[in-house]
Amino acid sequence: MNVAAEPRRAEAWNGPAGAHRAGHQDRYGAMRCDALRYDAMPAGVNDALFGAAAVAPGDRVLDVGCGAGATTRIAARLAAPGYAVGVDVSAPLPARARASTAVEGIANATYECADARVRAFPAGGYDVVVSRGGVRFFADRAAAFRNLVRALRPGGRLAFVCPRPPGPESEQGRALARLVDERTGPDPVAARTAMASLSDPARVREALAGYEEVTVVPVTVETVWGRDVRDAAEFLLSRVPGGALPASRLAGLEEALRPFHTGTGVRMRADVWLVTAIRP
Ligand SMILES: C[S@@+](CC[C@H](N)C(=O)[O-])C[C@H]1O[C@@H](n2cnc3c(N)ncnc32)[C@H](O)[C@@H]1O
């Protein structure tokens, strides 16, 4: 992979992609979005991720590509009296994360804006490294995961989730992939590259050459995209750069989302890989 591509990606995360996530953090990452009374979009993966990460009281946790810090705050709660550090290359997101952490009164979560691929983390400084979808954007995967293994103490755990191509059995997954056509995302090139980057378990294992006991397990989770079809369609279209929303697209998306409307929001299943590994 081309290492020189990394600055362009950092730029993208500091542009529309980061701003969109910061502006929609309830939907992208909150544990629970009380105002809308449904679990936020990727919250379904939290149980799988934190079940595998097994964060224990006293642990030091690093959350890679932490976004607005929802998982950093979960890790901090589980690790107390230890702590969690969230790292993200996009400046608006750690800033958003700090604000939410203050509101929630969490004292043992901190954030830094840095590229996790090259950041000089304290050697052996963490017991657990977690990531909810934040480790699939590295231009040089092998170098990035080598940097992360150095950050773990011997015997320390890595646990992350990343997207898995929907299987033939997953009608909802296929519909989701169609609806959330990555060409309409805030950073189309990065999104397509990222979707492909760790979707093949062989590539995951290759990237984790420096780790032991690597497991790659398919998990299907429920995701919530909006309180009703209009809300979900508007959110999906808000990802389009420039924000011009032709009425025909809105109507078409609403129609496509209708089968997934339940009494508790627009819900679809999504397929992910749950990956775990140990530092030798
Ligand atoms: C799909 S988002 C996931 C955010 C968060 N983990 C969540 O679940 O809400 C991916 C995140 O990875 C961050 N990211 C991408 N490349 C990175 C890098 N090289 N170092 C640190 N963060 C990175 C992006 O800025 C973005 O916030």
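One can find the structure itself at the top, above this paragraph.
No experiment lies behind these values; they were computed from the predicted model shown. (Residues numbered from 1 in each chain as written. Predicted model: local features only at pLDDT ≥ 70, side-chain atom pairs only at ≥ 80, totals over all residues. Heavy atoms only, no water.)

Student: Just checking my understanding: could you explain the nonpolar core for this structure?
Tutor: Side chains of a nonpolar character, in soluble globular proteins, are inclined to be buried together. Within the largest apolar cluster, 30 residues are counted, with the highest numbers of intra-cluster contacts made by Leu62, Val64, Phe145, Leu158, Phe160, Leu208 and Tyr211. Where this core is concerned, the elements lending two or more residues are strand E1 (60-64), strand E2 (83-88), strand E4 (126-132), helix H7 (141-151), strand E5 (152-163), helix H10 (201-207), strand E6 (212-226) and strand E8 (265-278). Of all the elements, H7 adds the most residues to this core, at 5 residues. Aside from chain neighbours lying at most four places away, what touches Leu62 is Val85, Val87, Phe121, Tyr126, Val128, Val129, Val130 and Leu148. (Core = buried A, V, L, I, M, F, W, Y, C linked by side-chain atoms within 4.5 Å. Buried < 20%, exposed > 50% of the residue type's maximum accessible area, 1.4 Å probe, protein only. Helix = DSSP H or I, 4+ residues; strand = E, 2+ residues; numbered from the N terminus. Contact = heavy atoms within 4.5 Å.)

Student: Quick question: what am I supposed to make of the site of the ligand here?
Tutor: Around the ligand there are 20 residues in total, and Gly65, Asp88, Asp115, Ala116 and Arg132 lie nearest to it. Residue Asp115 places a side-chain N or O atom 2.8 Å away from a nitrogen atom belonging to the ligand. Considering the ligand on its own, with 600 Å² of exposed area, one finds that the protein chains cover 96% of that surface. (Near = heavy atom within 4 Å. Polar contact = N/O pair within 3.5 Å; in protein donor to acceptor, adjacent residues only side chain to side chain. Areas by Shrake-Rupley, 256 points an atom, 1.4 Å probe, with all protein chains shown as cover.)

Student: Honestly, the side chain of Asp63 in this entry has me stumped. Any pointers?
Tutor: When you line up the elements, Asp63 lands in strand E1. Although Asp63 is buried, it forms no salt bridge, and the closest oppositely charged side chain is Arg132 at an N-O distance of 7.3 Å. Among the polar contacts listed, one links the side chain of Asp63 to the side chain of Thr71, at a separation of 2.6 Å. If sequence neighbours within four positions are ignored, Asp63 has contacts with Thr71, Thr72, Val85, Gly86, Val87, Val130, Ser131 and Arg132. (Lys, Arg positive; Asp, Glu negative; His and termini not counted. Salt bridge = Lys/Arg side-chain N within 4 Å of Asp/Glu carboxyl O.)

Student: Looking at this model, I keep getting lost on the packing of aromatic side chains. Mind explaining?
Tutor: Centre-to-centre distance and the angle between the planes together describe a pair of aromatic rings. Evaluation of the coordinates by the stated rule reveals 3 aromatic pairs. Aromatic pair Phe138 and Phe145: ring centres 5.9 Å apart, planes at 90 degrees, arrangement edge-to-face. Three or more aromatic residues link up through ring pairs in this structure, and these residues are Phe138, Phe145 and Phe160. Across the ring face of Trp273, the terminal group of Arg164 is positioned such that the distance to the ring centre comes to 5.5 Å. (Phe/Tyr/Trp six-rings, centres within 6.5 Å; stacked < 30°, edge-to-face > 60°. Lys NZ or Arg CZ within 6 Å of the ring centre and 35° of its normal.)

Student: Sorry if this is basic, but what is going on with the pairing of E5 here?
Tutor: Side-chain direction in a regular strand flips from residue to residue, so the side chains alternate between the two faces of the sheet. Burial within E5 is extensive, with 9 of its 12 residues counted as buried. Pairing analysis gives 6 bridges linking E4 to E5, with the strands arranged parallel. Paired with Val129 across the strands is Leu158, a residue of E5. For the segment spanning E4, H7 and E5, crossover handedness is right-handed. Relative to E8, E5 is paired through 7 bridges, and the arrangement is antiparallel. Across the sheet, residue Cys162 finds its bridge partner in E8, namely Trp273. (Pairing = 2+ DSSP bridges. Right-handed = clockwise from strand over helix to strand, strands pointing away.)

Student: Help me understand the pattern of salt bridges in this model?
Tutor: Pairing is possible between side chains that carry opposite charge, provided their charged atoms lie close to one another. Scanning the entire structure with this criterion turns up 12 salt bridges. Arg73 serves as the salt-bridge partner of Glu104, at 3.2 Å between the closest nitrogen and oxygen. Taken together, the residues Glu104 in the loop between helix H6 (92-103) and strand E3 (109-113) and Arg73 in helix H5 (residues 70-79) connect sequence positions 31 residues apart. A relative accessible area of 35% places Glu104 in the partly exposed class. Among the ionic pairs, Glu255 bridges to Arg258, the shortest N-O distance being 3.4 Å. Through salt bridges that share partners, Arg60, Asp127 and Arg153 make up one connected network.

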